[in-house]
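Listed here are the chains, written in short residue letters.
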Amino acid sequence: MTIQDMKQTVFKEASLAEWEQAAIKSLKGKSLASLSTKTLEDIILKPLYSLADVADIPANQTNTIRQTKKNSEWLVAQTVTGHSCEEILADMKDSLAKGNNVIHYAVDKDHKWNSSQIEELKSLFINNQVLLDVSNNPSFLHNFHDIKGNIKGAGETDFTNARTYFLDGSSTHQAGGDAVSELVSVLVQADILARKSSIDQLVQKAFVQFSVDSNFFMEIAKIRAFRVLWKALGEANGQSDVASIPVHAETSLRSFSALDSNVNILRAGNSALAAVLGGADSVTTYPHDVLTGATSTSKRIARNMQLVLKEETHIQRVIDSAGGSYYLETLTKELVEKAWALFLEVIKEETLKARVVKLQERVDAKWEQQLEALSKRKKSLIGINNYANPEDSLAFEIIPTNYKRLAVPFEQLRKAFQEFPLQTAIIPYGVLKEYKARLDFVSGYLIALGISPKVAPENLKPFDLQKWIDEQGIDYVVFVGNDEQTAGLVPALLNEQLSVPMDVAGKFEEYEDWLDAGLSGRIYAGQSLLQKGNELLALAKKEDSHDNA
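From a predicted model like this one, the values you see are computed outputs, not experimental measurements. (Residues numbered from 1 in each chain as written. Predicted model: local features only at pLDDT ≥ 70, side-chain atom pairs only at ≥ 80, totals over all residues. Heavy atoms only, no water.)

## A short note on the packing of helix H14 (residues 408–419) against helix H15 (residues 432–449)
- Here H14 crosses H15 at 90°, and the two axes come no closer than 7 Å. Taken together, the axes of H14 and H15 are roughly perpendicular relative to one another. Touching Phe410, Leu413, Arg414 and Phe417 of H14 are Ile447, Ala448 and Leu449, all from H15.
- Classifying every residue of the contact of H14 with H15 gives six nonpolar, no polar and one charged. (Axes fitted to C-alpha atoms, helices over the stretch in contact; angles between N-to-C directions. Helix = DSSP H or I, 4+ residues; strand = E, 2+ residues; numbered from the N terminus. Parallel < 35°, antiparallel > 145°, perpendicular 65-115°, else oblique. Contact = heavy atoms within 4.5 Å. Nonpolar A, V, L, I, M, F, W, Y, C, P; charged D, E, K, R; others polar.)

## Quick notes on the side chain of Arg254
- On the secondary structure map, Arg254 appears in the loop between strand S10 (247–251) and helix H10 (263–278).
- Buried and unpaired, Arg254 has Asp213 as its nearest opposite-charge partner, separated by 4.1 Å.
- Side-chain polar atoms of Arg254 contact the backbone oxygen of His173, separated by 2.9 Å.
- Within the local environment of Arg254, its side chain forms a polar contact with the backbone oxygen of Gly177, the two atoms lying 2.6 Å apart. (Buried < 20%, exposed > 50% of the residue type's maximum accessible area, 1.4 Å probe, protein only. Lys, Arg positive; Asp, Glu negative; His and termini not counted. Salt bridge = Lys/Arg side-chain N within 4 Å of Asp/Glu carboxyl O. Polar contact = N/O pair within 3.5 Å; in protein donor to acceptor, adjacent residues only side chain to side chain.)

## Quick notes on the sheet that holds strand S12 (residues 424–428)
- Strand order in the open sheet made by the five strands is S13-S12-S14-S15-S16, with parallel pairing throughout. Bordering the open sheet on either side are strand S13 (454–455) and strand S16 (521–523), each of which pairs with just one other strand. (Pairing = 2+ DSSP bridges.)

## What about the sheet that holds strand S6 (residues 149–152)?
- Pairing is parallel in the open sheet, where four strands are placed in the order S4-S5-S6-S7. The strands lining the two open edges of the sheet, one partner per strand, are strand S4 (102–106) and strand S7 (162–163).
- When strand S5 (residues 129–133) meets S6, the two strands line up parallel, connected through four bridges. Pairing of Val130 across the sheet is with Gly149, part of S6.

## Description of helix H9 (residues 216–236)
- The terminal C-alpha atoms of H9 lie 30 Å apart, and with 21 residues this matches the ideal 30 Å at 1.5 Å per residue to within 8%.
- With 17 of 21 residues buried, H9 is to be regarded as a mostly interior element. (Expected span 1.5 Å × (residues − 1).)

## A short note on the nonpolar core
- In this structure, Leu167, Leu183, Val184, Val208, Phe226, Trp230 and Leu335 are the most contacted members of the largest nonpolar core, which totals 57 residues.
- The set of elements that each furnish at least two residues to this core consists of helix H7 (179–196), helix H8 (199–205), strand S9 (206–212), H9, S10, H10 and helix H12 (326–346).
- Among the elements that take part in this core, H9 stands out by supplying eleven residues, more than any other.
- Contact partners of Phe226, with chain neighbours within four places excluded, come to Leu183, Val186, Val208, Phe210, Ile245 and Val247.
- Counting 34 residues, the second-largest nonpolar core is a separate cluster that includes Trp367, Val480, Ile523 and Ala540. (Core = buried A, V, L, I, M, F, W, Y, C linked by side-chain atoms within 4.5 Å.)

## Describing the packing of H15 against helix H19 (residues 529–540)
- Two elements in contact, H15 and H19, have axes separated by 10 Å at closest approach and are oriented at 75°. Regarding the angle of H15 to H19, the classification is roughly perpendicular. Residues Tyr445, Leu446 and Leu449 of H15 lie in contact with H19, whose contacting residues are Leu529, Lys532, Gly533 and Leu536.
- When the residues that make up the contact of H15 with H19 are grouped by side-chain class, the tally is five nonpolar, one polar and one charged.

## Side note on a nonpolar patch on the surface
- A surface patch of nonpolar side chains, about 290 Å² in accessible area, is lined by Leu16, Trp19 and Leu48.
- Tracing the backbone shows Trp19 in helix H2 (residues 16–26). (Patch = residues over 30% accessible without salt bridge, like charges linked within 9 Å, V, L, I, M, F, W, Y side chains within 5 Å. Areas by Shrake-Rupley, 256 points an atom, 1.4 Å probe, with all protein chains shown as cover.)

## So, the pairing of S9
- Within S9, seven of the seven residues are buried, which leaves it mostly tucked inside the rest of the structure.
- Burial along S9 is two-sided: Ala206, Val208, Phe210 and Val212 and Phe207, Gln209 and Ser211, pointing in opposite directions, are all buried.
- A crossover links S9 with its parallel partner S10, the connecting element being H9, and its sense is right-handed. (Right-handed = clockwise from strand over helix to strand, strands pointing away.)

## Points about unusual backbone geometry
- Phi angles above zero are rare outside glycine, and Asp42 is one such case at about 65°.
- Here Asp42 is to be found in the loop between strand S1 (37–38) and strand S2 (44–45).
- Given the relative accessible area of 32%, Asp42 is considered partly exposed.
- With phi around 60°, Asn459 is a residue other than glycine that occupies positive phi space.
- Secondary-structure assignment places Asn459 in the loop between S13 and helix H16 (462–472).

## Overview of the environment of Tyr524
- In this fold, Tyr524 is placed in the loop between S16 and H19.
- Considered as a pair, Tyr524 and Tyr445 are 79 residues apart in the sequence and their alpha carbons are 9.1 Å apart.
- Those residues in contact with Tyr524 that lie beyond four places of it in its chain are Phe441, Tyr445, Gly506 and Lys507.

That is the geometry; function is a separate question.
In structure tokens:
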């Protein structure tokens, strides 16, 4: 085929029905609806979106988002750290020289700044935008006549060129909330401030911060949805053409773990890209080892994530590159609708305390949902509940953060099994190709808990198995075989009364009978990792709570 022929080739346009039929054919008996998934926000994600899905989206949704973004650029706002004032100044200057656009600094009340250092800070503040957090030391601001940028915890202190009304979406995220909860939290804060002062004052002095997790498309839609909701809030307060406010985003630590911390690089990179595509005006990317103490190298990697996005992808040249996507426009619309409906419900409560309680109830419920999904492996956290590295240890202190982290219960179990080792063996029966899938599942399951199992020689007779258990110092075994082997051999092994507790891999109708015969429990897909882990930990501690689990 010539180039000319290729240019003239026309492909038949496929209808939505044809796409659906192709999908159904590949599902081998499953329904198309089985591909739909429900998010934490109770939004149903479809396998396929088309033009029909955006037919009922408000015509001005995309325009609203684009018009409230002043330009396509964003500012790199990496945090400044140091153990002394000298180190903080040095880090400020170094990061600014290497691509940082904003002086992002949380003031430590224990640091004592002398007059010469304050003068140096004044010079830096004059020439650069700032993102200051003075919550721990508001009096720090008394050293400055004017600051340009955003300030958290400023109280009554006011600066001509600084925004001091902080709308905090991160706190709700840090407590475990979903995207809807975060958006509603910000709207409630904005509503209170607008009533205390005015919508005009709020527009002039407010800025908002969101934490962006690794749920890529939902996080893009969350920031886009805020811009639509901000306009709706303005209209509700009599401002039909309300001006936008700066949106700052920080990469979330919710999915970060001290175990296999290099995976945090991928999580942070994913979150940073979502923040940028969502339309954040400034972004902070946390180093992958922030939980154990960031190094100069990890801080450079974190900063360079944003610089590489700018220099290599050119996404800073496009305003709202997500706009027009059937999926993202639909997701944005659904977030807007759910957040606004919940906001109207929350503000019916007469007192601020009642509003906070109502929102917190939702946040707590969403956190429990996430833990359950993680524990049952419906949600994957690489290196934690899936593909865990048995060589990882927690022989170091974890630095406390404001975030509820999903990995914490697993980190606690891993650390506990370091202190109370449970010598575990998988005992395989049958032919390798028939039991390997279960063997791999059980092995990965146990490693995620902090237990590195040994694999016994296959098809051992009871006497030889007991001898091997004694020689290896085994405390607990898991029987692995295909359905036929398991049904036939488990009762026989139970009849031999091994000296250690035995679990079976899989779910079987005879399970209750096996429990009566002395089986300890089972391991199967969909089981709670955390519950099973705590049962095995009790066994390791000789608390005997694993009997007939």
